[in-house]
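So the chains spell out like this:
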Protein chains: 2
Amino acid sequence: MTLTADPSLEAHLEETRDARLETYLDFLRIPSISADPAYAEDCRRAAGWLADRLREAGMENVEVAETGGHPIVYADWLHAEGAPTVVAYGHYDVQPVDPIEEWMSAPFEPLVVGERVLARGASDDKSNVTILLQAAAALLATRGRLPVNLRFIFEGEEESSSVHLEPWLVANRDRLAGDVAIVSDVGFFEGNVPALTVGLRGMMYAQIDVSGPFQDLHSGGYGGTVENPLNALCTIVAALKGPDGRIRVPGFYDEVVSLSAEEREALAALPFDEEAYRASIGVPALIGETGQTTLERKVARPTLDLNGIWGGYQGPGGKTIIPARAHAKVSCRLVADQDPARIFERFRAYVLEIAPPGVQVDVQDLGGGFPTLLPLDHPMLRAAARAMEATFGQPPLFIREGGSIPFVATFEQTLGLPTVLMGFVPPDGNFHAPNEWMDLGNFEAGIRAMVRYWDELASPGE
Amino acid sequence: MTLTADPSLEAHLEETRDARLETYLDFLRIPSISADPAYAEDCRRAAGWLADRLREAGMENVEVAETGGHPIVYADWLHAEGAPTVVAYGHYDVQPVDPIEEWMSAPFEPLVVGERVLARGASDDKSNVTILLQAAAALLATRGRLPVNLRFIFEGEEESSSVHLEPWLVANRDRLAGDVAIVSDVGFFEGNVPALTVGLRGMMYAQIDVSGPFQDLHSGGYGGTVENPLNALCTIVAALKGPDGRIRVPGFYDEVVSLSAEEREALAALPFDEEAYRASIGVPALIGETGQTTLERKVARPTLDLNGIWGGYQGPGGKTIIPARAHAKVSCRLVADQDPARIFERFRAYVLEIAPPGVQVDVQDLGGGFPTLLPLDHPMLRAAARAMEATFGQPPLFIREGGSIPFVATFEQTLGLPTVLMGFVPPDGNFHAPNEWMDLGNFEAGIRAMVRYWDELASPGE
């Protein structure tokens, strides 16, 4: 970690180091498990605790906003006239702790071992929330002001599907104006290499329902005379992808932004051990679209996967029926600039076109989300990269994630904010698993990187 | 019905008509539901009741044989020196009665309305058992002897999978020697046209298990890099049959005995209303192997049907996983001369050959049964046909059934007996359903047809 060029801020951070760690540990002691109603009061307690810390730090308009679920904690500081306005997001809720017997220590009694803090939420996402809070607090304590205008949005339902976040963002659109969003619910690349996430995949989720006879038929008495809905479903699914791993839905790739030569080079340069990855999954071979590397397929190419399939008899032994109904859940991960609604319509049309005769086929839309991709030359991203490089002594990797964070598209599309995904958790931090941990080096450096980022946004050094 | 040429037998049957009907109704009053343990004592009571009637009729060596389940009732009469020995099969157990509220009268309080007897088991199979019993009784009462040697085997577990029948047949092979078996658990063709069943389909039953990663994977983080076991299973299943409805397993059709031109003509001549059949099933169109009529596909061609498929998420909404495992149950109806074990081996080899890379595929044998087919010129069948024609005034239809009766192959293969499937129930008798019924005309005529058959076997009239 390279210290900032602000001696009084560094002195303050040094002086308050133990107290700041204690604050972080206090935060970790609150079992704010959002998915389990038994912890609803703890979630509310975490929101109140966070609001108190924001007030202590000097943030203004602190509010524990009701959403219908766990509250959203809002705060702002808007006195940096002429400077950009940053909307920073994190979440104070955590995952459940099962399997509890695999934890080395109690999940809500944080254990500090050397540079590691073990606790549920230590990384995901109370570390990033605390970094945002302590960066603002240190600036306000030492400079009496922030270099940028700042709005914090700390959610309490990220681990239980963020159901109330988007309606709240839409309802508060007018008072959430800004120039850039920081979604701080991400981290570093393999080997704890500093990284900025520039792309997330979107999603189309559909269900295919195939109906045949009125009711299950005896396979002896009727076999050979009717199309079997299960066989028909398999015929449809098998036709969705070719042996080259390409999705056969006409027009599926029309809006896909292909990787540039530079992006492919950058991906190829990432420290990615393919054999270790394969062995960790336990599959005989890695498989996918031809002409694309594993990492390209993992983060920058669209996919089509069955998530479930069912119909007929599933018990032991045999039952001799032609089942009346068959069902499959199918989802596609999408990449920029694919539109989930348009992809669904093309998918539906193709499924109906290839459906065999003798059965009725329906396709339902189960929802979706837009992919996001920030151009590598976006000034808000360049500023973040300079802050990271200055802090960590090396330029950050620009990475894409294969997963989806649907509300990132909401920040971009509803609030009109370019969104920088910037966080500091180690990639092997056991998020959602026993023995979740955070690296205190990343934690302290993260505060410096965030301060630098805000300074960079106010006075771009490029 | 045309009466037999035996005046004293006809006089006896006429005199005993009411008493014989009462005996049949008494049989129907015993709720011998084999699948429900609550009726175990009733099954035993039915066996004992039947043994008493066989003794009264003059049958010998009457035995209620223990099997480990519901007993088998055995009886014989073996004094027709020089004449063939007939092994006649029926079953005294019946199906459960649900849905009870749809019955017009109590299932075990037989109701006689005109020529119909309504009761559970009225047709399947207590009518055929009573016909066999009363034919033997009438002959012994009037002639003091039977034209053939006769063994009766009345099973009590046909409606609960006949689990103990085959072991009992094998264990008693030496004392069950004979020349022909009559399996009397069948009936007439559509429109109550007299029929003899000459073919039954056999079965191969398999399970395909596809394994991918150690555990379910997040479809965002891993999608695009691994083969999805559900997609792989669909790819395999889709390749099992062609768009022409032909099964693609190499060698699958090698032993299939094709229908002769005469057999195709005979099938085409059967009174079969294709549109009524389609509408009764509720499918938009009848589908199957090209170049074969619906009736040919229904009874004389092999099939391949999925009976069940499952893997991954089956609940409401979406779950974004690549499931670790996928499974399908697949069965083939087989026709003469396909061997279930050989077909399974070919099926297994083909599935493994077409399995996509990146997953592990296993194929389990869940059991099977041989198809059966009696040549139309078999003398034992010709004799039955003459008996039917003489009784009903028209030649019987020779029909094949799409379903399987596995123990028919046991009669043929283990006991070495050509097996004639001969019974008298109306095709729309609501077997296994509410308001099961028997036609008393068929019942009385059935006794005459059986007497004629035995006479024909003793002195072939052809």
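All figures in this text were calculated on a predicted structure; none of them were measured in a lab.

## Regarding the overall build of chain A
In terms of regular secondary structure, chain A is built from 14 helices and 18 strands. In summary, chain A has a C-alpha radius of gyration of 25 Å against a globular reference of 23 Å for 462 residues, a match within 12%. Projected onto its principal axes, the C-alpha positions of chain A cover 85 × 50 × 45 Å. Here chain A holds 462 residues, and 60% of them are scored as buried. Partitioning the intrachain contacts of chain A with sequence separation of at least 6 by distance along the chain shows that 78% fall at a separation of at least 24. Both charge centroids of chain A, one from 36 positive and one from 66 negative side chains, sit 3 Å from each other.

## Remarks on the relation of the copies chain B and chain A
When chain B is fitted onto chain A, the two copies agree to an RMSD of 0.1 Å after a turn of 180° and an axial shift of 0.1 Å. Each copy turns onto its partner about a two-fold axis. Of the interface residues in chain B, 100% have counterparts in chain A that sit at the interface too, so the contact is made through matching surfaces.

## Re the sheet that holds strand β18 (residues 437-439) of chain A
All names here are of chain A. Strand order in this open sheet of three strands is β4-β5-β18, and the pairing throughout is antiparallel. Each edge of the open sheet is held by one strand with a lone partner, namely β4 (111-113) and β18. In this sheet, adjacent strand axes meet at a mean angle of 20° when their direction is disregarded. For β4 and strand β5 (residues 116-118), the ladder comprises three bridges, and the chain directions are antiparallel.

## Re the packing of aromatic side chains
Applying the stated rule across the entire model yields 25 aromatic pairs over all chains. Ring geometry for Tyr222 of chain A versus Tyr277 of chain B: centroids 5.8 Å apart, planes at 15°, classification stacked. Of the two residues, Tyr222 of chain A sits in helix α6 (residues 219-222) while Tyr277 of chain B sits in helix α9 (residues 274-281), which places them in two different chains. Taking the relative accessible area as the measure of exposure, Tyr277 of chain B reaches 10% and is therefore buried. Their ring planes at 75° and their centres at 6.1 Å tell us that Phe407 of chain A and Phe411 of chain A sit as a pair that is edge-to-face. Linking Phe407 of chain A with Phe411 of chain A, this pair stays in helix α13 (residues 406-413), spanning four residues, or about one helical turn.

## Points about the confidence of the model for chain A
With 100% of its residues at a pLDDT of 70 or more, chain A shows a mean pLDDT of 95. For this predicted complex, the interface score ipTM comes out at 0.86, while the overall pTM is 0.85.

## Points about the interface of chain B and chain A
Between chain B and chain A, the residue contacts involve 69 residues of the former and 69 residues of the latter. Both sides together, the interface formed by chain B and chain A hides about 5100 Å², and carbon and sulfur atoms give 57% of it. Summed over the three residues of chain B that lose the most area to chain A, namely Thr225, Ile287 and Ile309 of chain B, the buried surface amounts to 12% of that side. One can count zero salt bridges joining chain B with chain A. Applying the counting rule to chain B against chain A returns 37 residue pairs in polar contact (both at pLDDT 80 or more). Top contributing element to the side of chain B that touches chain A by residue count: strand β11 (residues 305-312) of chain B, with eight residues. Residue classes in the side of chain B that touches chain A are distributed as 31 nonpolar, 29 polar and nine charged. Bridge count for strand β11 (residues 305-312) of chain A against β11 of chain B is five bridges, and the pairing is antiparallel. When the sheet's bridge partners are listed, Gly308 of chain A is paired in β11 of chain B with Gly312 of chain B.

## Thoughts on the packing of helix α7 (residues 229-238) of chain A against helix α7 (residues 229-238) of chain B
Where α7 of chain A contacts α7 of chain B, the two axes come as close as 8 Å, and the packing angle between them is 110°. Put simply, α7 of chain A runs roughly perpendicular to α7 of chain B. Taken as a pair, α7 of chain A and α7 of chain B cross one another with a handedness that is left-handed. Taken together, the residues of α7 of chain B that come into contact with α7 of chain A (itself represented by Asn231, Cys234, Thr235, Val237 and Ala238 of chain A) are Asn231, Cys234, Thr235, Val237 and Ala238 of chain B.

The rules behind the values
- Residues numbered from 1 in each chain as written.
- Chains lettered and ligands numbered in written order.
- Predicted model: local features only at pLDDT ≥ 70, side-chain atom pairs only at ≥ 80, totals over all residues.
- Heavy atoms only, no water.
- Helix = DSSP H or I, 4+ residues; strand = E, 2+ residues; numbered from the N terminus.
- Rg over C-alpha atoms; globule rule 2.2 N^0.38 Å.
- Buried < 20%, exposed > 50% of the residue type's maximum accessible area, 1.4 Å probe, protein only.
- Contact = heavy atoms within 4.5 Å.
- Lys, Arg positive; Asp, Glu negative; His and termini not counted.
- Charge placed at Lys NZ, Arg CZ, Asp CG, Glu CD.
- Least-squares fit on C-alpha atoms with pLDDT ≥ 70 in both.
- Pairing = 2+ DSSP bridges.
- Axes fitted to C-alpha atoms, helices over the stretch in contact; angles between N-to-C directions.
- Phe/Tyr/Trp six-rings, centres within 6.5 Å; stacked < 30°, edge-to-face > 60°.
- pLDDT = per-residue confidence, 0-100.
- Buried area = accessible area lost by both parts, 1.4 Å probe.
- Salt bridge = Lys/Arg side-chain N within 4 Å of Asp/Glu carboxyl O.
- Polar contact = N/O pair within 3.5 Å; in protein donor to acceptor, adjacent residues only side chain to side chain.
- Nonpolar A, V, L, I, M, F, W, Y, C, P; charged D, E, K, R; others polar.
- Parallel < 35°, antiparallel > 145°, perpendicular 65-115°, else oblique.
- Left-handed = near helix turned anticlockwise from the far one by under 90°.

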